[in-house]
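Read off the chains here:
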Amino acid sequence: MYRTALRNVLAHKGRLLMTMLAVLLGTAFVAGTMVFSDSVGQSFKDSISSSYTNISVQVSDTHAGVDTGPKDHTGTHAMLTGSTLRDIAALPGTATARGTVSGFAGLSDPHGNLIGSRGNTYGGNWVPGNDGQDAKYPMAQGTGPTDAHGIAIDQKTAKDNNFKVGDTVRMAVNGPVMQMTVTGVFSTDDPQVKAGGSLVLFDNATAQSLYLKPGQYGSIEATAKPGTTQDQLLSEIKQVVPHGQGINAETGAQLTADQASMIQTAMSGMRTALLAFAGIALFVGIFLISNTFTMLIAQRTRELALMRAIGASRRQITYSVLLEALFVGISASVVGLAAGIGIGRGMQSLMGSMGSQISASTLVISPTTVVATLLTGVLVTVMAALLPSIRASRVAPVAAMRSNDAPATQKSLIVRNTIGLALAGLGLAAVVLGAGKSGSTGQTLVGAGAVFTLVGVFVLTPLLSRPVIALVGPLYARLFGISGTLARQNAVRNPRRTAATASALTIGVTLISALTVIGASMNHAIDKQVTQGMRADYAISAMLSQPISPALLPAIAGTPGVTASSVLDQQDLTVNGADLSVTGVNAAGADQLMTPQMVSGSMAALGQGQILVDQEHATKGHWTVGSSILVSYPNGSSGQVTVGGIYQNSDLMGQALMGEAALSPHTNAPYYGDVLVKGGSGATPQLRQALKDATGDNPLIKVDSQQDIRDQFSSKISLMLNVMYGLLGMAVIIAILGVVNTLAMSVFERKREIGMLRAIGLDRRGIKRMVRLESVVIASFGAVLGVAIGGFLAWAAVRLLGSAVGGLTTTLPYGQLAAYVAGAALIGLMAALWPARRAARLDILGSIATD
């Protein structure tokens with residue numbers, strides 16, 4: 001039987017080619033994901049490890065820094081100062097001690113654009129020794145900065161932007177633009193710089209004034225003398241550092257381990273996401289594999305019956321088919337592993353071309369990757385062939401004297417349809433029930449219901465195929481004559497085969513359609529919020545989540561053409577032990593800049609020191625207009641606030657609104673996330689330019705119109721969708737291979753029939769048209785099912801997200817959904833080109849004589 005299985009694989013290698021290709025693509029996806037994530041993770045770990053090589057102990061102040069947002073701590077805290085640095089340097093086990101200061105630095109390129117727009121541009125302090133050099137940042141050109149007007153730039157940034165010693169560059173930290181002179185260019189192995197970021201150095205006093213307070217450090221790095229371990233030095237340092245909230249001391253080894261753990265967690269999330277899409281591709285491949293073996297067994301009915309007649313047992317027949325699947329799985333998985341390694345290397349190279357130098361440093365092929373890839377490919381192939389192998393074992397010896405056609409019994413179809421109806425009904429009920437709930441309960445019900453619905457529909461697909469495909473019968477007959485009629489009949493002749501072929505495409509179209517509907521719904525909700533809730537012509541904000549400097553507010557308000565302006569001061573209150581995000585606005589002109597959809601009360605309450613809350617939080621807190629609530633403010637004080645109004649949920653408005661005059665006395669520092677501006681003549685290019693000039697043409701400052709805001713949200717959603725579409729592309733490719741494979745094997749199966757059609761007058765063009773139309777109707781059927789299921793699941797997902805996104809309702813992009821069906825039909829047409837050509841070129845007499 002082993003020899004028989006191997007002989008069958010070799011004899012049918014052409015028919016198994018598509019199956020092997022499907023397994024190859026799926027396992028290549030798995031291997032590529034694991035190689036890429038392992039390699040990038042190891043590269044990051046190596047880089048982080050090297051950055052802590054010269055650090056034995058680091059003392060850090062997690063509360064150090066300028067106010068960059070609402071604080072959850074009160075009062076003063078201990079600080080790392082020059083005195084702390086000297087105390088650590090004087091310890092018996094300390095060889096060297098270095099105080100460090102760091103923070104964001106917005107450096108402008110020669111064209112006025114921000115360098116490092118991904119947020120990895122930052123500044124630090126230059127700490128020269130007795131020789132005038134800083135060992136951590138050796139100078140390649142020039143010298144380190146010595147006053148508040150000079151900076152040094154890392155070598156990579158200087159090269160990329162053609163900066164030279166003596167150039168004047170523009171930069172900003174959290175305020176007006178500063179004109180700085182490049183005093184030097186230095187080399188560094190800093191991980192963020194190697195990953196594509198930038199680093200600028202200030203003299204020590206300037207860095208402290210920009211990021212902290214004079215004389216304050218964010219951290220102190222110490223190296224141990226020979227003979228002193230990191231733990232011993234840590235014990236010494238703990239005796240002299242100030243004790244207080246936010247002061248932490250750790251060894252270099254612990255820092256490296258913590259960073260490695262963070263990297264592992266981050267890479268694990270990415271790997272899981274990619275493997276999920278690989279799993280979808282392999283799941284689609286199961287349909288192709290199962291369909292292939294089912295058709296092979298149907299074509300070999302007489303052969304299997306003869307084997308039973310000469311003594312082969314059912315178990316031997318089953319094992320023979322499973323061995324064929326094993327040979328296919330092993331062969332395809334080995335090639336898939338090699339292809340996956342190439343994919344992993346290619347993804348590293350792609351990251352390198354995008355500016356990252358970390359990921360290309362090494363290639364990791366772990367034993368886990370090899371074993372997991374091979375096992376996945378083999379198990380998927382064998383499991384997909386299990387049912388066909390059992391079906392093969394049930395071929396009776398007397399079948400050797402029958403025709404190869406063995407249609408499913410009425411009983412088996414009734415059982416299948418009953419199971420399908422039960423699963424689909426259970427799934428639909430769970431989805432509908434889950435859509436009406438919130439939180440993890442709703443998510444669990446919708447997720448489980450989606451799985452049951454998909455499986456139930458797949459089981460029912462043979463039943464659904466006949467009436468759905470029958471709808472195109474009259475149209476096919478009218479447009480394409482006898483070829484159209486034959487194509488429709490062929491598509492419903494074997495419902496199980498049609499179902500298996502269409503289901504593979506249904507999976508991909510379902511997911512793509514669901515994502516499309518969710519994306520369109522999100523875009524519509526955001527567009528509605530901006531157009532209905534925002535009256536301001538422009539919103540001024542800082543890039544990379546930086547706040548607007550209070551120093552810019554007078555210039556913005558005094559810009560010619562500005563009739564009203566308001567800050568959006570983002571703070572966190574505590575109500576009944578829970579956080580409540582509140583936005584402080586200028587009560588006097590707020591109604592000219594924003595229009596929350598009031599459920600009760602009015603915006604005039606802001607001028608009376610009252611608070612407006614969104615409907616969700618009002619419902620949770622059982623608040624109504626006039627309710628008095630006790631709040632704890634960011635500065636630690638507390639007081640009673642009256643609810644003056646309730647508005648519909650809105651991401652633009654946030655959870656609550658207060659007048660800035662009432663809020664600001666109770667905060668540690670303002671956090672102006674945005675400034676809204678209304679122009680006397682509306683949104684004009686002249687006003688936009690005037691606002692940019694008023695902010696000093698700062699590379700960090702953005703001046704966005706309503707359309708800009710809509711475009712920014714839309715582009716983020718589009719980017720996310722495009723990434724997911726790309727990852728689902730592998731599943732669609734495998735589904736296309738399934739269509740090609742099914743048609744090619746069907747042509748072989750129907751050689752005699754095709755020969756007879758040719759003999760009674762159907763020309764080659766008619767044969768080609770018949771095969772192509774059959775493929776089109778099967779692909780279209782799968783797409784229609786996918787669009788219907790995807791739209792339904794998207795509706796449930798939108799209901800679940802409704803509480804998180806204000807005004808979110810299901811929006812069906814009919815044009816895109818119709819395009820998916822049309823695209824599937826085109827895919828079906830393209831997939832049929834080779835099988836149709838093969839069918840048309842069959843020899844008439846040879847086909848009729850086929851046994």
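Note that the structure is predicted; figures quoted are calculated from it, not measured.

This next bit is on helix 22 (residues 751-759). For helix 22, the full list of buried residues reads Ile 754, Gly 755, Leu 757 and Arg 758. Take helix 22 and look down its axis: the buried residues cluster within an arc of 160°, on one side only. Directly after helix 22, the chain includes Gly 761, whose backbone phi takes a positive value near 120°.

Another point: the nonpolar core. Judged by nonpolar contacts, the single largest core of 99 residues is most densely connected at Met 594, Leu 676, Ile 734 and Ile 767. Looking at this core element by element, the count peaks at 17 residues for helix 23 (residues 764-801). By size, the runner-up hydrophobic cluster in this structure holds 34 residues, among which are Val 182, Val 200, Phe 202 and Tyr 217.

Within the element layout of this structure, Phe 163 appears in the loop between helix 4 (155-161) and strand 9 (168-172). Note: C-alpha distance between Phe 163 and Leu 511 (348 residues apart in sequence) is 48 Å. Leaving out residues up to four positions away in the same chain, Phe 163 has contacts with Leu 107, Ser 108, Asp 109, Pro 110, Ile 115, Ile 153, Thr 157, Ala 158 and Val 169.

If you walk across this open sheet you meet the four strands as 3-13-1-14, and the pairing is antiparallel. Because the sheet does not close on itself, it has two edges, and the strands there are strand 3 (94-100) and strand 14 (247-251). Pairwise comparison of adjacent strand axes, ignoring direction, gives a mean angle of 15° for this sheet. When strand 1 (residues 57-61) meets strand 13 (residues 219-224), the two strands line up antiparallel, connected through four bridges. Looking at the pairing, Ser 60 lines up with Ser 219 of strand 13. Across the face of the sheet, helix 3 (residues 82-89) comes into contact with strand 1, strand 3 and strand 13 while running at roughly 165° to strand 3.

This paragraph deals with the packing of aromatic side chains. Counting across every chain of the model gives four aromatic pairs. Look at Tyr 137 and Phe 186: their rings are 5.3 Å apart centre to centre, the planes differ by 65°, and that puts the pair in the edge-to-face class. Pair noted here: Tyr 137 is in the loop between strand 6 (121-126) and strand 7 (139-142) and Phe 186 is in strand 10 (residues 178-186), with a separation of 49 residues, a long-range link. With respect to class, Tyr 137 is no different from Phe 186; both count as buried. Ring centres 5.7 Å apart and planes at 85° place the aromatic pair Tyr 476 and Phe 480 in the edge-to-face group. Of this pair, Tyr 476 and Phe 480 are both found in helix 15 (residues 473-493), four residues apart, which corresponds to roughly one turn of the helix. Taking the relative accessible area as the measure of exposure, Phe 480 reaches 30% and is therefore partly exposed.

Glancing now at unusual backbone geometry. Most peptide bonds are trans, and most residues other than glycine sit at a negative phi. The phi dihedral of Asn 162 falls on the positive side, at around 60°, and the residue is not glycine. If you trace the backbone, Asn 162 turns up in the loop between helix 4 and strand 9. Positive phi, normally seen in glycine, also occurs at His 622, with a value near 55°. By the element assignment, His 622 lies in the loop between helix 18 (615-621) and strand 20 (628-632). Owing to a relative accessible area of 72%, His 622 belongs among the exposed residues under this scheme.

A few words now on the packing of helix 14 (residues 439-470) against helix 16 (residues 495-533). For the pair helix 14 and helix 16, interaxial distance at closest approach is 9 Å and the crossing angle is 120°. Viewed along their axes, helix 14 and helix 16 adopt a mutual orientation that is oblique. Relative to helix 16, helix 14 is oriented so that their crossing is right-handed. Contacts from Leu 454, Phe 458, Thr 461, Pro 462, Ser 465, Arg 466 and Ile 469 in helix 14 reach Pro 495, Arg 496, Thr 498, Ala 499, Ser 503, Thr 506, Ile 507 and Thr 510 in helix 16. Tallied by class, residues from the contact of helix 14 with helix 16 come to seven nonpolar, six polar and two charged.

Here is what the cut-offs are and how they apply
Residues numbered from 1 in each chain as written. Predicted model: local features only at pLDDT ≥ 70, side-chain atom pairs only at ≥ 80, totals over all residues. Heavy atoms only, no water. Buried < 20%, exposed > 50% of the residue type's maximum accessible area, 1.4 Å probe, protein only. Helix = DSSP H or I, 4+ residues; strand = E, 2+ residues; numbered from the N terminus. Arc of directions from axis to C-beta. Core = buried A, V, L, I, M, F, W, Y, C linked by side-chain atoms within 4.5 Å. Contact = heavy atoms within 4.5 Å. Pairing = 2+ DSSP bridges. Axes fitted to C-alpha atoms, helices over the stretch in contact; angles between N-to-C directions. Phe/Tyr/Trp six-rings, centres within 6.5 Å; stacked < 30°, edge-to-face > 60°. Parallel < 35°, antiparallel > 145°, perpendicular 65-115°, else oblique. Left-handed = near helix turned anticlockwise from the far one by under 90°. Nonpolar A, V, L, I, M, F, W, Y, C, P; charged D, E, K, R; others polar.

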